[in-house]
Amino acid sequence: MALPPPDPQFVLRGTSAEVHTLHFYCGGQEPDYPILFSGSSNGLIHVWNLKTRRVDTILDGHGGKSVYWVEAIYGRDRLLSQGRNQKICLWDLAEGRNTVTDSVFTENVGFCKCSLLKVAQGHWLMAMPGKDLDEVQVLELPSKTSVCTLKPEADAKPGMPMSLKLWQPDFGSCPFLLAGYEDGSVILWNLSGGKILSRLACHQEPVMSLDFDSEKTKGVSGSSEEVLTVWSLDEQQNLKVQKTHKLVNAGIADVAIRQDKKILATAGWDHRIRIFGWKKLKPLAILDYHTATVHCVSFSDHSRPSERLLAAGSKDHRISIWSIYNQTSGALHCPLETRKPD
Amino acid sequence: MAVFDTPQEAFGILRPVCVQLTKVQTTENVERLQAQLQTVSDSALQELQEYVLFPLRFALKTPGPKRESLVQCVVQCITSILSTTCVKKQDLLQELFSELCLCLSSPSGLQPPAPLSEELKLTVIQALHVLMHSAYGDILLTLYQPSTLPHLGFAVSLLLALAEQEKAKQIKLAALKCLQVLILQCDCQEHHRPLDTVETRQCGNLFASFLPGISIALSRVITGDIKQGHMVTVSAIRLFYQTVCLVMADEQLATITQDEEKPSVEQSRLSELVVHRGPDWVKSTADKLSLLIHKIVEFASLHPHWKVRMELVELVHLLMLKCSQSLVESVGHLLKAVVGLVNDESNEVQSKCHEILRSIAELRTVAENRALADVLSENLHSLATALPRLMNSQDDQGKFSTLSLLLGSLKLLGPKVSIVLNSAAHLQRLSKALMQVLELDVADVKIVEERRWGPEDTLGEPLGSSQHGKGQKKYFRFFIDERIFLLIQQVCRVLGYYGNLYLLVDHFMGLYNESVVYRKQAAMVLNELITGAAGLGVDVLHERETAVSTEDLKGTITSILEEYTDQANWYLTTSIDTEGTSDELTVKHSRVRAIPRGAHSSSLISSSSPSSDPNPTIRSMNSNIWQICIQLEGVGCFAYVLGKEFRLLLASVLYPVLEKAGDSTLLISQTATGTMVDVCHACGYDSVQHLINANSDYLVNGISLNLRRVAHQPHASRVLEAMLRHSDASLLPLVEDVIQDVLSALDQFYDDRASSFLGVLSTLVAALEVQAPPPEPEMDDSGAEGETPLPAHAQIAKDVMERCIHLLSDKSLRVRLKVLDVLEFCVIVLHLHESHLLPMAHRAWPALVTRLINDDPLVVLRAFKVLCTLAEKCGDFLRRRFSKDVLPKLAGSLVTQAPVSASAGPMYSHTLAFKLQLAVLQGLGSLCEKLDLGESDLNKVADACLIYLSAKQPVKLQEAARSVFLHLMCVDPDATWLLLNQICCLLPYEPPHPSLQPVKLGGMGRQRTEFTDNVLGLLGELQRRETAAFQAGPREAPEPQPPSLTEALG
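All of these numbers come straight from a predicted model, not from anything done at the bench.

Calculation criteria
- Residues numbered from 1 in each chain as written.
- Chains lettered and ligands numbered in written order.
- Predicted model: local features only at pLDDT ≥ 70, side-chain atom pairs only at ≥ 80, totals over all residues.
- Heavy atoms only, no water.
- Helix = DSSP H or I, 4+ residues; strand = E, 2+ residues; numbered from the N terminus.
- Buried < 20%, exposed > 50% of the residue type's maximum accessible area, 1.4 Å probe, protein only.
- Areas by Shrake-Rupley, 256 points an atom, 1.4 Å probe, with all protein chains shown as cover.
- Rg over C-alpha atoms; globule rule 2.2 N^0.38 Å.
- Lys, Arg positive; Asp, Glu negative; His and termini not counted.
- Charge placed at Lys NZ, Arg CZ, Asp CG, Glu CD.
- pLDDT = per-residue confidence, 0-100.
- Contact = heavy atoms within 4.5 Å.
- Patch = residues over 30% accessible without salt bridge, like charges linked within 9 Å, V, L, I, M, F, W, Y side chains within 5 Å.
- Salt bridge = Lys/Arg side-chain N within 4 Å of Asp/Glu carboxyl O.
- Core = buried A, V, L, I, M, F, W, Y, C linked by side-chain atoms within 4.5 Å.
- 1 Å grid on protein atoms, 1.4 Å probe; cavity = no way out; pocket = protein on both sides within 12 Å on 5 of 7 lines; lining within 4 Å.
- Points joined across faces, edges and corners; volume = space filled by probe spheres on them.
- Nonpolar A, V, L, I, M, F, W, Y, C, P; charged D, E, K, R; others polar.
- Axes fitted to C-alpha atoms, helices over the stretch in contact; angles between N-to-C directions.
- Parallel < 35°, antiparallel > 145°, perpendicular 65-115°, else oblique.
- Left-handed = near helix turned anticlockwise from the far one by under 90°.
- Pairing = 2+ DSSP bridges.
- Phe/Tyr/Trp six-rings, centres within 6.5 Å; stacked < 30°, edge-to-face > 60°.
- Expected span 1.5 Å × (residues − 1).
- Polar contact = N/O pair within 3.5 Å; in protein donor to acceptor, adjacent residues only side chain to side chain.

Q: Explain the overall build of chain B to me, please; I cannot follow it from the model alone.
A: What chain B contains, in helices and strands, is 50 helices and zero strands. Counting every position in chain B, which comprises 1050 residues, the buried fraction comes to 55%. When the accessible surface of chain B is summed, it comes to about 45,300 Å², and 54% of that surface belongs to carbon and sulfur atoms.

Set out below in structure tokens:
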């Protein structure tokens, strides 16, 4: 007998537009309540109170153009948002304000989401697509000074950057950038030299999304084809394909590794969210709820593991919230049969 | 009579009689003295007191047997002297005291009292009483010396014997009264000199010797035959505690030291009599007293007379107040008494008990005196242990007292409850006892049978009554008396008030999950625990030190509610008539949880669920119903506890409750409705409607998720219906969102679910119709078909209509009927958007035609109604189709059916065929008009309807047929005129000029026929209209007023 597929814990409605990006802020102490930021195709950012499951505030700062990246900075009081109006806005949300205090104009018109990395107290690096199509620019925040511009050699031709991930092996050490490109390759950049350390052609199609586990030095990427690729970084800073997982339906819009590095979630064009064990890429579950492409997945940063949530935003205007596999200890058991999509 | 004021005069008067009496002791002489005494003033008599008393005392002391009458007479005389004079001398007092006592003793002196007449006994007792009152305070105290112990002892034993053995109530009472005076506790109006501490202690020392005798004898009196009258018992109880207090008062005992003056009495005999109230003595005396007190409490607390119980309460009060340390062994009994009487049927006793409990609590004797707390906690343990047995064996009254006792013990323990319950043994016993006592009687078939009828929901009604604190009346296995339940409720609340909430909730949650046998009771207890923890509806003696914080309450409540609304506890088999719910649930249950804990548990059903019982019995269903109701009541309680804070929990709770409000079991739906009202009040909403409206997003969430489960779809659609019924246009975006879920669920589970979804769709489109924005001029007329975006509500209607087209040919009659309803609503909602409606109508047409001409009459009827609406909205779009596909068939059936109805009896009007004819006739007229039918079609209609103008047809059909012609008159008045005149024409139409041809009409000169009346009526109407139109000028004739369609079809 088939097991009933799990249901979302709840569903957030009311964006009235496709949901492109999600970002949790749940680490606060009482009386702060957990928050989910969502960015939609109508240019609005919704701030959801996860306790009441209702919208607290709506931020309108991208001129009706799609918002495709949001991330909190300085706790919950500041928010960075990137929109298709070629602006990255810094919002002040403290004490009920909701004003844009600063913004960066991006000359790029692609879909590539920014990546943020905290390098010191009060200092961040932000990687964003650059002026030239194949260029990535890294800024220091809050000063907005350019740290470096990463441009592949003229003959490399990886195409546009599609997906970025800044990381550093240890806090305070030299940061690296992993970037997925239009031609399906993933490139490891050394920020200090602005040099390519390694390049791995892991997809035939553009890399839609990637995430990286700096502890195990391995990452995962998804593209518009039906393959999920896990690659690792060896001591010599070489990227190598470790494993691929063939999907039945093509198209992975987003991948996210949970903070505890136990599971991986993918957002599928086939309307489905897939959960894998991160260690062996073992398929654990297919979460079937949305009625259109799932654009993004995100794990919450609740300090208590048992409260951790998974959120998925979809073209169907809904955000589904799931509470799964959040037992604190022990192996992941009772895996769901991975079902063949019909 | 002359009064002699001076002693001299008095002496002169009294002397002769005194002398005479001394010489000859006869009754007559005593009476003479008595008579003379009346003439002497009190002051004079006081001077001569001893003189006058002498002959009397002499008479008593004369050796040898005396006549009783003489003794009585003498004693009476002494009494009368003493009552007006004071005894000022120690000797006199002591002597009189002994002499009077001797009057009662038997000659042998060993076995008092002597077998004397009752009158004499009474007289002597009264004399003693008077004597004690006539003595000066200081003088009186001289009686209380170690040296007088024997005298006192003699008197005490005499009086006790009288109190105990006499038959006459009067004597018993007098003896007891006298004893009371003797122990210096007289409560009469006269002034008694209060004793100082030292004197009190001396008296205490003295009476310590008598305590055993007095207490034993009194306990016998108290527990004696009830027939002795309550006054005796009351006096005896009072005397008992007064004596005990005198001797065992903690205050006194505390001042007694080891080397206390061993009384300075030389005689060793006396010193043996005197008791030293050292610790050992106190201990052993207290032990013995404890037995007596136990006996008294047991007896008196069940005494039928309230004054006795009242006196018992006084006893407890005083002993607790004064002797709680010395009598610590008895405290258990004492508390038991007062706690047991706290719910006494007498209000006086009740309030006294409350007062005492409060004062005990305030004194903190319980809280700070460890020994006392130990006693209480032991009591509690033994009571909890005995409770199950007692609940089986006692009658309701007994159970009531037992539980009163339990409640009282808990209240007195107060803050210590939490310490006591830290002992696993205590908690275990107590909880098991509660589980047993609260066992419900689930045999009643009615609970299972009673279904919800009538209107779909009652939520919208102005205000259901709040059920808080009452809940549904429950039937328990072990008791009937409602008061017992209230007691248990208090017990639980007191536990919640003082206890460690986490520990208690955890424990009872454990029982809830442990077995279905405990589940209902545990839920009841949990509900009350929380109420008590919030300090609501709980009656306590001392405030707790720290109240539970709202945050903690919220956390606890959240976790309880999670359990309550878990699938395994919320979806239970409650009926066997499966409108498809329960059986599916049972099939789908599964042991395995697909996602480990933390996954949203509601998606999975564990097999421990009672719903998995494949053959539910009445008992199990009744039990399940109660479980759901108790859980619903819990939701109400919790809302009450949290107030507006409960709003945060609505996200998870509102849906399940609303779902139950639509349950088909009456009890469940009633309870859930009550809960909705409670929640509404608690959260500060004006009405249930407001509550639903303001939280529709939560409901939509629940609906959407539940629609994904086949088994839950009927619930989900019920909730959606309820929501729609209470929502307004502001919710349209939300509704739009969830409707997509409904439609996709419908598409997915077409076959088996259509019926339940159609209910929702019908409510939905009905709501859309009501909420549709005010009509705007049709904008998309010129636009390409379907290109202009539709307003949301119209889009929904269109989506729904699309599904209806598929379902019009469903094989289930019910479904087809319902679809037609929905379809009609869709048409109404869409009518402003012709470019969308017409294509839909076009697509629906073939199926609709089939319904009209080739289906069950019921369906034809409904379909015709839809047709009429469609005609109203789509106008001439339908004309050709109608005249081609439908009209011939309709006209044909009217014609064939006409002879049947013409010759039918009165019962015919109840048949479906009749209703069909009626509906067609009533609708046809306006159809002709709306569709603007051509001439030949109109003729077809007229021909078919004409036969119904026959007087042989049922009146209603004639009426309906007339309405067709009234419509036809509007469309083509001339043709109608002609047609009617072909049938019947009374007026001779003379040509206005001879050159004109004479008018020849078919009806002229005809005999009166079955059609005459109706035709003439119609012609008259036509005439009237023409005239009116002529007079009004070239305006159009007024619209005919046929009966409205809905009215006719309804």
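Q: Help me understand the overall build of chain A in this model?
A: For chain A, the count of helices and strands is zero helices and 28 strands. Over its C-alpha trace chain A gives a radius of gyration of 19 Å, about what one expects of a compact globule, namely 20 Å for 342 residues. C-alpha atoms of chain A, sized along the principal axes, occupy 55 × 45 × 35 Å. If you sum the accessible surface of chain A, you get close to 14,000 Å²; carbon and sulfur atoms cover 49% of it. Charge-centre separation for chain A: the mean point of 38 positive side chains lies 4 Å from the mean point of 38 negative side chains.

Q: Help me out: how do you make sense of the confidence of the model for chain B in this one?
A: Detailed reading of the predicted model is not advised wherever pLDDT is low. Residue and element names in this part refer to chain B. Averaged over all residues, the pLDDT of chain B is 81; the fraction at 70 or higher stands at 87%. Here residues 1042–1050 scores under 50 on pLDDT; set against residues more than four positions off or in separate chains, the count is 13 contacts. Interface predicted TM-score (ipTM) for the complex: 0.86; the corresponding pTM is 0.74.

Q: Even after reading the chapter, I still don't get a negative patch on the surface, so can you show me in this structure?
A: Residue and element names in this part refer to chain B. A cluster of acidic side chains, namely D441, D444, E449 and E450, defines a negative patch on the protein surface. Structurally, the position occupied by E449 is in helix 25 (residues 445–449). We classify E449 as exposed; its relative accessible area is 53%.

Q: Looking at this model, I keep getting lost on the nonpolar core. Mind explaining?
A: Inside soluble globular proteins, nonpolar side chains tend to come together where they are buried. If you look at the biggest cluster of nonpolar residues, it comprises 344 residues, and the most contacted ones within it are Y144, M248, F646 and L924 of chain B. Those residues in contact with L924 of chain B that sit more than four places away from it in its chain are F864, F882, L887, L890, L894, V941, C945 and V964 of chain B. Residues A253, L284, V294 and I324 of chain A belong to the second largest nonpolar core, which totals 21 residues.

Q: Please explain empty space enclosed by the protein as it appears in this structure.
A: Any empty space left between the atoms is revealed when a probe the size of a water molecule rolls over them. Residues and elements named next belong to chain A. The final tally for this structure, using the stated rule, is six cavities of 30 Å³ or more. Estimates place the volume of the second largest cavity at around 120 Å³. Around the second largest cavity, the lining is made up of 13 residues, and of these L80, L90, D102, L141 and K144 lie nearest the centre. Among the elements that make up the lining of the second largest cavity, the one with the highest residue count is strand 9 (residues 99–105) (three residues). When its residues are assigned to classes, the lining of the second largest cavity shows ten nonpolar, one polar and two charged.

Q: Help me understand the packing of helix 2 (residues 27–37) of chain B against helix 5 (residues 68–84) of chain B, please; the structure alone is not making it clear to me.
A: To characterise two packed helices, one gives the angle between the axes of the helices and the distance between these axes. All names here are of chain B. Remark: helix 2 packs on helix 5, axes separated minimally by 9 Å, with the N-to-C direction vectors making an angle of 15 degrees. Taken together, helix 2 and helix 5 sit at an angle that is classed as roughly parallel. Viewed along their axes, helix 2 and helix 5 form a crossing whose handedness is left-handed. In this structure, helix 2 contributes T27, V30, E31, L33, Q34 and L37 to the contact, and helix 5 contributes S69, L70, C73, V74, Q76, C77, S80 and I81.

Q: What exactly am I supposed to notice about the sheet that holds strand 22 (residues 252–257) of chain A here?
A: Paired through backbone hydrogen bonds, the strands of a sheet run either parallel or antiparallel to each other. Residue and element names in this part refer to chain A. Here we have four strands laid out as an open sheet, ordered 22-23-24-25, and antiparallel in their pairing. The two strands at the open ends of the sheet, each matched to only one other strand, are strand 22 and strand 25 (282–288). In this sheet, neighbouring strand axes are inclined to one another by 20 degrees on average, regardless of whether the strands run parallel or antiparallel. Here strand 24 (residues 272–277) pairs with strand 25 via six bridges, running antiparallel. Across the sheet, residue R274 finds its bridge partner in strand 25, namely I286.

Q: Would you take a moment to explain the packing of aromatic side chains for this structure?
A: Geometrically, a pair of aromatic rings is defined through the distance of the ring centres and the angle of the planes. Counting across every chain of the model gives 14 aromatic pairs over all chains. On the numbers, 5.0 Å between centres and 25 degrees between planes, the contact of W167 of chain A with F176 of chain A is stacked. For W167 of chain A, a relative accessible area of 5% corresponds to the buried category. A relative accessible area of 7% means that F176 of chain A is categorised as buried. Each ring, one from F11 of chain B and one from Y51 of chain B, has its centre 5.0 Å from the other, and the planes form 55 degrees; the classification is tilted. Linking F11 of chain B in helix 1 (residues 7–23) with Y51 of chain B in helix 4 (residues 49–61), this pair joins segments that are 40 residues apart in sequence. On the basis of relative accessibility, which here comes to 33%, the residue F11 of chain B falls in the partly exposed class. Given a relative accessible area of 30%, Y51 of chain B falls into the partly exposed group. Joined through ring pairs, the aromatic side chains of W167, F176, F212 and W231 of chain A make up one cluster.

Q: Honestly, the sheet that holds strand 12 (residues 136–141) of chain A in this entry has me stumped. Any pointers?
A: Residue and element names in this part refer to chain A. The strand order 10-11-12-13 describes an open sheet built from four strands, whose pairing is antiparallel. Every interior strand has two partners, whereas the edge strands, strand 10 (115–120) and strand 13 (145–150), have only one. Strand-to-strand twist in this sheet, taken as the mean axis angle between neighbours without regard to direction, amounts to 25 degrees. In this sheet, strand 12 lies alongside strand 11 (residues 123–129) in antiparallel orientation, the contact comprising six bridges. Across the sheet, residue M126 finds its bridge partner in strand 12, namely L139.

Q: Even after reading the chapter, I still don't get unusual backbone geometry, so can you show me in this structure?
A: Backbone phi values are negative for most residues with the exception of glycine, while trans is the configuration of most peptide bonds. Each neighbour pair has its own omega, and for L141 of chain A with P142 of chain A the value is 10 degrees, a cis peptide bond. Mapped onto the elements of the fold, P142 of chain A is located in the loop between strand 12 and strand 13. The phi dihedral of Q237 of chain A falls on the positive side, at around 60 degrees, and the residue is not glycine. Topologically, Q237 of chain A is positioned in the loop between strand 20 (227–233) and strand 21 (239–246). Judged by relative accessible area, which is 27%, Q237 of chain A ranks as partly exposed. Phi is positive for D932 of chain B, which is not a glycine, with a value near 55 degrees. Within the secondary structure layout, D932 of chain B lies in the loop between helix 45 (912–931) and helix 46 (935–946).

Q: What's the story with helix 41 (residues 813–830) of chain B in this structure? I'm lost.
A: In an α-helix there are 3.6 residues to a turn, and that puts residues three or four apart on one side. Residues and elements named next belong to chain B. With 18 residues, helix 41 should cover 26 Å at 1.5 Å per step; its first-to-last C-alpha distance of 26 Å lies within 8% of that length. Here helix 41 lies mainly inside the structure; 13 of its 18 residues are buried. Its side-chain oxygen 3.2 Å from the backbone nitrogen of R814, S812 forms the N-cap of helix 41.

Q: What exactly am I supposed to notice about the confidence of the model for chain A here?
A: The predicted model of chain A has a mean per-residue pLDDT of 88, with 94% of residues at 70 or higher. Low pLDDT (under 50) marks residues 329–342 of chain A, which in the prediction has 31 contacts with non-local residues, meaning those over four places away or in another chain.

Q: Can you walk me through the pattern of salt bridges in this structure?
A: One side chain can pair with another of opposite charge once the charged atoms of both are near each other. All names here are of chain B. One pass over the structure, following the stated rule, counts 54 salt bridges over all chains. Close ionic contact of E482 with K473 constitutes a salt bridge, the shortest N to O distance being 3.3 Å. For the salt bridge of K554 with E551, the shortest nitrogen-to-oxygen distance reads 3.3 Å. In this pair, K554 and E551 both sit in helix 29 (residues 550–564), three residues apart, roughly one turn of the helix. With relative accessibility at 8%, the residue K554 sits in the buried group. Looking at E551, the relative accessible area reads 44%, which means it is partly exposed.

Q: Any chance you could explain the side chain of K520 of chain B here in plain terms?
A: All names here are of chain B. Turning to its location among the elements, K520 is positioned in helix 28 (residues 516–533). Although buried, K520 forms no salt bridge, and the nearest oppositely charged side chain, E439, lies 7.4 Å from it. Beyond its immediate sequence surroundings of up to four residues, K520 is in contact with L440, V442, S623, W626, Q627 and I630.

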